[in-house]
Amino acid sequence: MEPLWALGFMSGTSLDGIDAAFILSDGQQILDKGITCFLPYAPEFRQEIRECFGKAERNLVICRVEEKLTRLHAELANRMINESPVKPQLIGFHGQTIFHAPPKTLQIGDGELLSRLAGIPVVYDFRVNDCLNGGQGAPLVPVYHQALAKTLAKPLAIVNIGGVGNITYMDGCETLIAFDTGPGNALIDDFVLQAYNLPFDEDGAIAVSGVADQQLVKVWLKDPFFTKFYPKSIDRDHFARIKAALAHMTPADAVATLTLFTASTIVLACAQLPKRPGQLILCGGGAKNQTLGKLLEESLNNMNIMTAESLGWQSDFVEAQAFAFLAIRSFYGVPLSFPLTTGVKVPLTGGRMTENYLNQGGKVG
């Protein structure tokens, strides 16, 4: 398969903004990486997206948010294309997940509009084909994790701590296992925004100043999600109801408790794996939370825990790079998801290609 340059976009459930990255790949190997960029959402737009959460169908409000979201992506795409020495032949557009309860999932983002505004074919709507074929529709990034970790000693696990956490496990025998671990940053970020008017707990500074309620965390860990066997995925707001239990706490104690909860869910996920990983690689925004990292080190004390940055990976842009990679795999019709990553019966490709690609006879570049 011929290598292609692709531009990948990720707008995650943490609602901080748009991550964007260029990669060169043939859909199997990562051959080169290009420039990256982050476009933060204005607080007002972040709130507009937040108000769409939990809606399983588009309405007029969601359609307006979808158009605004798409135009922001197009603005960033055109800026990066003008600044980059290489020109992408494809765009991988994750969009914004606003509802996820398989088999129903809704990612907003108008791939056709983005393609017209950027002048490049777009692959988008990555989850739908997976859900239609019995899969969870998430997580989709594991096949990119596998490419990133090709030369590393196995078994290992990669944990992405975004709004929702997910884990990818590799054992060196082509086994690829992945599933959502539970809340990542979403609960922490939502509470910190409400209590401190801050977008997140930088470095875990608030959490380390509080005292976690360990008994409350044990109660939360009894949620049926944690006893389900993988593959499994979860909606960003699945645990929103637990916020009521924080009312009697000081804000710092609440953040400490939520941070312990996230760490505990990752520890539980590691216990479900076929073998104990020799190393655990942390990526995503939560990898910068030093309090969360220390909690994991204390609980997984015989595991080598490291950040993606320590391996030379760009932690903040792994998922954006992944959707560039997935766009290339989609273009070539090779699998994006697998029986032990999303629960599909057989390895399955996915993503929709925009009409301008189809109208030009299936050519890119």
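Everything numeric here is computed off the predicted structure, so don't read it as measured data. (Residues numbered from 1 in each chain as written. Predicted model: local features only at pLDDT ≥ 70, side-chain atom pairs only at ≥ 80, totals over all residues. Heavy atoms only, no water.)

1. Some remarks on the pairing of strand 5 (residues 96-101)
Here's step 1: Among the six residues that make up strand 5, five are buried, leaving the element largely enclosed by the rest of the structure.
Here's step 2: Hairpin connection, strand 5 to strand 6 (residues 104-108): the antiparallel pair is bridged by two residues. (Buried < 20%, exposed > 50% of the residue type's maximum accessible area, 1.4 Å probe, protein only. Helix = DSSP H or I, 4+ residues; strand = E, 2+ residues; numbered from the N terminus. Pairing = 2+ DSSP bridges.)

2. What about the sheet that holds strand 11 (residues 279-283)?
Pairing between the strands of a sheet is mediated by backbone hydrogen bonds and can be parallel or antiparallel.
Here's step 1: Strand order in the open sheet formed by five strands is 10-9-8-11-12, and the pairing between neighbours is mixed. Each edge of the open sheet carries a strand with a single partner, namely strand 10 (176-183) and strand 12 (304-307). Each neighbouring strand pair of the sheet contributes to a mean axis angle of 20 degrees, computed without reference to strand direction.
Here's step 2: Here strand 11 runs beside strand 12; their pairing, made up of four bridges, is parallel. The residue of strand 12 that forms the bridge with L280 is I305. (Axes fitted to C-alpha atoms, helices over the stretch in contact; angles between N-to-C directions.)

3. Things to note about unusual backbone geometry
Here's step 1: The linkage connecting P102 with the following residue, P103, adopts the cis geometry, with an omega of 10 degrees.
Here's step 2: Take P103: it is sitting in the loop between strand 5 and strand 6.
Here's step 3: Backbone torsion omega between A138 and P139 reads -10 degrees, so that peptide bond is classified as cis.
Here's step 4: Tracing the sequence through the fold places P139 in the loop between helix 4 (128-132) and helix 5 (142-148).
Here's step 5: Of note, D125 is a non-glycine position whose phi angle comes to about 55 degrees, a positive value.
Here's step 6: Of note, D125 is situated in the loop between strand 7 (122-124) and helix 4.
Here's step 7: Even without a glycine there, the phi angle at N197 is positive, about 55 degrees.
Here's step 8: You can see N197 is positioned in the loop between helix 6 (186-196) and helix 7 (205-209).
Here's step 9: We classify N197 as exposed; its relative accessible area is 64%.

4. Thoughts on the nonpolar core
Here's step 1: Residues L90, F126, Y144, I158, I281, W313 and L326 are the most contacted members of the largest nonpolar core, which totals 38 residues.
Here's step 2: Going through the elements one at a time, strand 1 (4-10), strand 2 (17-25), helix 5, strand 8 (156-161), strand 11 and helix 11 (318-332) are the ones with two or more residues in this core.
Here's step 3: In terms of residue count, helix 11 provides more of this core than any other element does, ten residues in total.
Here's step 4: L7, I62, A77 and F99 belong to the second-largest nonpolar core, a separate cluster that totals 34 residues. (Core = buried A, V, L, I, M, F, W, Y, C linked by side-chain atoms within 4.5 Å.)

5. Concerning the side chain of N185
Here's step 1: Mapped onto the elements of the fold, N185 is located in the loop between strand 10 and helix 6.
Here's step 2: Beyond its immediate sequence surroundings of up to four residues, N185 is in contact with I161, G162, G163, G285 and G286. (Contact = heavy atoms within 4.5 Å.)

6. Overview of the pattern of salt bridges
Here's step 1: A complete count under the given rule lists twelve salt bridges for this structure.
Here's step 2: A salt bridge links E75 to R79; the shortest N-O distance between them is 4.0 Å. A residue pair is termed a helical-turn pair when its members lie 3 or 4 positions apart in one helix, as E75 and R79 do in helix 2 (residues 60-83) at four residues.
Here's step 3: The class for R79 is partly exposed, based on a relative accessible area of 30%.
Here's step 4: Shared partners join several salt bridges into a network, and the residues in it are R50, D190, R236, D237 and K243. (Salt bridge = Lys/Arg side-chain N within 4 Å of Asp/Glu carboxyl O.)

7. Some words on the environment of L311
Here's step 1: On the secondary structure map, L311 appears in the loop between strand 12 and helix 11.
Here's step 2: Separated by 162 residues in sequence, L311 and A149 have C-alpha atoms that sit 9.7 Å apart.
Here's step 3: With near-sequence residues (within four places) excluded, L311 lies in contact with L152, I281 and M306.

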